[in-house]
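These are the residues of each chain, in order.
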Amino acid sequence: SCLENEYWHNGFCCDMCPPGFKLTKKCSGQGQRSTCEKCGPELFIDSINFTPNCFSCRKPCQDKEIVIQNCTHIQDRICGCNNEYYQSVVNDNTMHCLPCRKCGSGEVETRPCNGQMNTLCNCKFNHYRVAKGICALCTNCTSKCPEMCPSDVVMTTPSSTHLPGFQLEKTFILVGVYALIALMCIICLYNGAKHWRKKKPTLYSQSSVSCDAEKQVEKSETHTCIQIKEDESKLLAVVPETMLPDCIPKEIKVHEFIYVVLEIVPVNRFKELVRRLNVSEQDIDRAERDNRAFADAQYQMLMVWVESGTRVGKSVLPHRLLQECLERLHDMNLSACAETIQEKYV
């Protein structure tokens with residue numbers, strides 16, 4: 001490899017030209033010297049090189065400028081500004097000298113003009129700026145004149161958050177947010193009320209086994225008998241025995257009864273049952289269209305049957321409808337299912 005003052009040429013190292021000289025001919029062999037020539041007037045090269053051309057010096061200093069460094073074959077020309085002027089640099093090769101600034105009314109000089117930077121002026125004590133180069137004397141306690149304020153008063157500069165426009169925009173944003181929240185709450189309440197009114201538990205499983213396997217359903221008494229204590233019988237001895245019923249029939253809740261039927265009756269025989277209970281094909285189709293889950297559709301079919309035969313309300317199942325259901329199950333040869341329901345409610 002070549003030394004720092006050499007360059008590579010045709011397989012060997014050649015020496016570079018010194019500062020102030022340009023290369024006119026490269027060396028012809030190892031150990032041979034390059035041919036260099038001194039830069040002419042207004043030209044320079046300030047470092048060792050192997051360039052064929054010298055650089056031009058900056059143009060001569062103009063009015064209001066002073067020469068800081070002359071142009072020679074090894075250095076460029078440097079110009080500065082006269083007193084009361086400072087440099088305004090346009091680019092690397094161009095600069096102008098501009099007059100130094102004079103501090104205006106109410107201002108005080110905090111940095112003098114030094115030829116490189118302009119004068120820096122600030123407002124005097126107890127003054128505030130009203131325009132460029134003009135500071136006025138403070139007369140009232142304001143954010144610009146804190147010196148005029150009592151010691152217990154803290155003046156703050158108005159920020160954007162206190163501007164009327166900002167406050168108005170903030171108000172609109174808050175109103176919009178609250179309105180959106182209120183709308184969401186109304187929608188949630190409406191959907192909740194609608195769901196609560198129409199809520200019907202979905203049966204997640206249907207028993208497809210025979211009714212004989214379901215006869216293990218817990219048996220419960222269908223009548224709640226009135227127990228008469230011995231002391232009460234003495235008090236009621238004067239009342240004829242025929243006036244006191246032996247037992248009071250237990251009310252059959254419609255929803256409970258429907259769930260029992262759905263659990264006991266096989267799925268593949270259910271539509272046959274509701275048809276025998278005089279539920280029309282139109283009502284059956286409507287129930288299947290209105291409900292995705294088949295269990296919900298079955299529930300709706302039985303409700304159509306209950307509503308068609310209930311006059312005293314939809315919450316209690318009349319015993320005649322219970323008997324009708326049992327008879328239809330016997331007609332379908334589902335006696336085991338009928339017996340299971342009968343054991344539970346009769």
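Residues numbered from 1 in each chain as written. Predicted model: local features only at pLDDT ≥ 70, side-chain atom pairs only at ≥ 80, totals over all residues. Heavy atoms only, no water.

1. Concerning the state of the cysteines
Applying the stated criterion across every chain yields a total of 12 disulfides. Note on cysteine connectivity: Cys2 is disulfide-linked to Cys13, with sulfurs 2.0 Å apart. Linking Cys2 and Cys13, the disulfide has an S-S dihedral of approximately -90° and is accordingly described as left-handed. Taken together, the positions of Cys2 in the segment before β1 (6-9) and Cys13 in strand β2 (residues 12-15) put the pair 11 residues apart, joining distant regions of the chain. Note on cysteine connectivity: Cys141 is disulfide-linked to Cys149, with sulfurs 1.9 Å apart. Taking the sign of the S-S torsion, 105° for the link of Cys141 and Cys149, the bridge is right-handed. As a non-bridged cysteine, Cys185 has Cys188 as the owner of its nearest cysteine sulfur, 6.5 Å distant. For Cys185, a relative accessible area of 43% corresponds to the partly exposed category. Of all cysteine sulfurs in the structure, the one in Cys337 sits closest to Cys325, which takes part in no disulfide; the separation is 9.6 Å. (Disulfide = S-S within 2.5 Å. Helix = DSSP H or I, 4+ residues; strand = E, 2+ residues; numbered from the N terminus. Buried < 20%, exposed > 50% of the residue type's maximum accessible area, 1.4 Å probe, protein only.)

2. Let's talk about the confidence of the model for the protein
Here the protein shows a mean pLDDT of 80. Residues at 70 or above account for 78%. Low pLDDT, under 50, characterises residues 156-163; the predicted model gives this stretch 7 contacts beyond four residues in sequence or across chains. Low pLDDT, under 50, characterises residues 200-246; the predicted model gives this stretch 57 contacts beyond four residues in sequence or across chains. (pLDDT = per-residue confidence, 0-100. Contact = heavy atoms within 4.5 Å.)

3. Regarding the side chain of Glu324
Structurally, the position occupied by Glu324 is in helix α7 (residues 319-331). Notably, Glu324 is buried but unbridged: the nearest opposite-charge side chain belongs to Arg328, and the N-O separation is 4.2 Å. Residues within four places of Glu324 in sequence aside, it is in contact with Leu277, Asn278 and Trp305. (Lys, Arg positive; Asp, Glu negative; His and termini not counted. Salt bridge = Lys/Arg side-chain N within 4 Å of Asp/Glu carboxyl O.)

4. Quick notes on the pattern of salt bridges
Applying the stated criterion across every chain yields a total of 12 salt bridges. One salt bridge connects Glu272 with Arg276, and the closest N-O pair in it is separated by 3.3 Å. Of the two residues, Glu272 and Arg276 both sit in helix α4 (residues 270-276), 4 residues apart, roughly one turn of that helix. A relative accessible area of 34% means that Arg276 is categorised as partly exposed. With a shortest N-O distance of 3.7 Å, Arg328 and Glu327 are connected by a salt bridge. Look at the salt bridges and you will find they share partners, linking Arg101, Glu107 and Arg129 into a network.

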